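# Report on the structure
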Amino acid sequence: MELTYNDRNERLLAILFLVIAFVALALGGLIGLFQGLEHANINFYPLPVTGSYYQSLTLHGVLNALTWTTFFICGFQMIILGRSLDRPMKAPMLSWIAYGVMVLGVVLAGWAMLTNNASVLYTFYAPMRAHPLYYIGLTLVVIGSWIHSANLFLTWGAWRQEHPGEKTPIAAVGTLTTWIVWDIATVGVAAEMLVLLIPWSLGLVAETNPLLSRTLFWFFGHPLVYFWLLPAYTSWYAFIPRQAGGKLFSDSMARLAFMLFILFSAPVGLHHQYTDPGINPGLKALHGVLTYAVTIPSLMTAFTIMASLEYAGKQRGGKWLPGWIMRLPWGDPSFSAQVLAMIVFAAGGISGIINASYNVNLVVHNTTWVPGHFHLTVGTATTLSFMGLTYWLLPYLTKRRLFSKPIALAQGWFWFVGMVLFGRGMHWAGLMGAPRRVPFSTSPYIGSLIEQTAGAPLGGMQTAMWMTAIGAVLLTISGAFYFINVIGTFLMKKNSALDVVIPFAESLSGAERAPAVLDRWRVWVAGAVVLVLIGYVPTLLQVLGHSAWNAPGLLIK
Ligand code: HAS
Ligand code: CU
């Protein structure tokens, strides 16, 4: 598709967003190595610069889960929205301002974390109390992201006026869905920050309400995970079918999946609070059932993407199984990284469904099972997909060739194998009772856990700890490969004539045939609001009625 306008400034801004994302991932990822080693009793804490286990773990979570993801998503989705709608941003100034506000936020929160004034982890549960600049910094990131999303929505609105009656292209559908989910979710964390945590950390109020703040956090925290996932889904639906050499199997199914995410992403936060006291079990069960509802669009995605891959493999001459799988373009690093991410996500989705079960959750809650789960999801479905799409995105943005295809290919496989080992180790250790967020080498009970499970098949806890550590080493090697390619690409000679085609896929069914209601956004947003009210009004009334505002705050050093 020929570009009909000059997108130089947009590419520049996207690069600036990505640079912050890269720096965050590089530092956050490196810390992960030491966490993994620590879990095999190889303890390097306190680390230079990033300090104790908890200070480092806070940085790891904030840099990887919050900063890498958010900045990557801002840059990536701005570009694909504009290109799929084939028009420039409506209000580019807003996104530049957003960028400034978000970078300021990261700097402030980064200062608080690096000076050990905010070792409260990325979930910042009260009554652990951080320096006000930690909360203010993260709030600025959220406010900046709202400003950026305003530009994205205005751009789509302008396109809609210019193209009445046309269906929104699927890459734009994925992008808008991501930001609708995010804007609804962040209402919860903004309320938590502005009403509870910031006044409290500034000393304007002496005591706070931990249960209320947790409830507001998880109002945000679950849809947050779809903010991370949906850009990967956007790539899987909008680009992967073409990269595979085929077409999207069903445009309508893709649209319906995105709309169901708008509907069901938010009213499920209590599945993180099954064990919290003071909330009616009936409400927790309701959120549990709605959590099962929000797995449906992912199950649909598994079907549609698999069917698209099968179609592509057969177009390429593959027959039956595993013939069509072998024929897929495994030599293309952008494709292979993302399909490996999908395979890992199938396991991550299953562990999520196990978490969501009200009673089985009691077995896994607060064990290493949970970080096992989220490294398969945000740590792979999201992160490895973003890495894979970097391999076309960065050449597109910088007009420089990718530094090395073989390194990129190896990178995806190292991540895949590393995460399979790490995920297996962490899930398994959790089932044996290992707590999450605990430096094993200093805890008194890991020794007895190792002893008790030594006779178990494969060596029990000891083996699980080693799998975790070896996984972390492989992931670090993969990370190094990734950054060699990123930096190498920036250092390549610029070639203004280089024309990287964004791999927009066609669909087998055609967008025109999709039911009109799948492009009526208000219907789905209204439905989401109704479900949020059903899920959260009784919950908040109950929390406000039962919980105490009596927590003075613990300073964690
Ligand atoms: Fe989760 C905890 C439930 C998805 C992230 N989750 C977390 C935490 C994080 C997180 C960060 O119900 C920890 C928070 C903390 O610090 O305390 N999660 C779920 C459920 C899903 C789910 C039901 N989670 C995610 C995603 C995340 C994420 C996505 C990030 C991106 N999660 C929970 C629960 C907890 C939890 C409880 C609390 C646990 C506790 O006790 O603390 C579902 O959305 C999952 C649905 C997914 C699927 C998989 C579909 C598969 C696909 C791939 C197909 C493969 C193909 C490849 C096509 C059903 C789409 C084919 C290849 C060929 C070669 C042919
Ligand atoms: Cu959740």
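Let us look at the structure shown here. (Residues numbered from 1 in each chain as written. Chains lettered and ligands numbered in written order. Predicted model: local features only at pLDDT ≥ 70, side-chain atom pairs only at ≥ 80, totals over all residues. Heavy atoms only, no water.)

## Considerations on empty space enclosed by the protein
This structure, assessed with the given rule, holds three cavities of 30 Å³ or more. Put simply, the largest cavity is a space of about 220 Å³. In this structure, the largest cavity is lined by 21 residues; those nearest its centre are V62, L66, L138, V141 and V142. Elements that contribute at least two residues to the lining of the largest cavity include exactly α2 (53-85), α3 (92-114), α4 (132-162), α5 (170-201) and α6 (210-238). For the lining of the largest cavity, the element with the most residues is α2, which contributes six residues. Considering only residue class, the lining of the largest cavity consists of 16 nonpolar, five polar and no charged. Within this model, the second largest cavity holds a volume of roughly 40 Å³. Along the walls of the second largest cavity sit N9, E10, L13, M78, M89, P92, S95 and W96, which together make up its complete lining. Considered class by class, the residues forming the lining of the second largest cavity number five nonpolar, two polar and one charged. (1 Å grid on protein atoms, 1.4 Å probe; cavity = no way out; pocket = protein on both sides within 12 Å on 5 of 7 lines; lining within 4 Å. Points joined across faces, edges and corners; volume = space filled by probe spheres on them. Helix = DSSP H or I, 4+ residues; strand = E, 2+ residues; numbered from the N terminus. Nonpolar A, V, L, I, M, F, W, Y, C, P; charged D, E, K, R; others polar.)

## Focus: the coordination of the copper ion (ligand 2)
For the copper ion (ligand 2), every protein donor is listed as H222 (ND1), H271 (NE2) and H272 (NE2), and the spread of their distances is 1.9 to 2.0 Å. When the donor residues of the copper ion (ligand 2) are listed from N- to C-terminus, their spacing reads H-x48-H-H. The metal-metal distance between the copper ion (ligand 2) and the iron atom of ligand 1 is 4.5 Å. Of this pair, H222 sits in helix α6 while H271 is found in the loop between α8 (251-264) and α9 (281-315), placing the two residues 49 residues apart along the sequence. Judged by its relative accessible area of 7%, H222 is buried. (Donors = N, O, S within 2.8 Å, 3.2 Å for Na, K, Ca; no water. Buried < 20%, exposed > 50% of the residue type's maximum accessible area, 1.4 Å probe, protein only.)

## Digging into the side chain of S84
Relative to the helices and strands, S84 resides in helix α2. Leave out the neighbours within four places in its chain, and S84 touches P169, A171, A172 and F504. (Contact = heavy atoms within 4.5 Å.)

## Details of the nonpolar core
Grouped together as the largest cluster of nonpolar side chains are 148 residues, with contacts concentrated most on F72, F124, Y134, W236, L309, W392 and Y482. Sort the elements by how many residues they give to this core and α6 lands first, with 17 residues. Dropping the residues within four chain positions of it, W392 is found in contact with F76, I80, F239, Q243, S334, V500, I502 and P503. M432, A434, I446 and M461 belong to the second-largest nonpolar core, a separate cluster that totals 13 residues. (Core = buried A, V, L, I, M, F, W, Y, C linked by side-chain atoms within 4.5 Å.)

## Looking at the side chain of T175
By the element assignment, T175 lies in helix α5. In this view, T175 contacts Q77, I80, L81, L152 and T234; residues no more than four positions away in its chain are not counted.

## Structural notes on unusual backbone geometry
Put simply, Y45 and P46 share a cis peptide bond, and its omega is -5°. For P46, the location among the structural elements is in the loop between α1 (8-38) and α2. Looking along the chain, the bond that leaves L321 and enters P322 is cis, with omega of -5°. With respect to the helices and strands, P322 occurs in helix α10 (residues 320-326).

Function-wise, these values are silent; they only describe arrangement.
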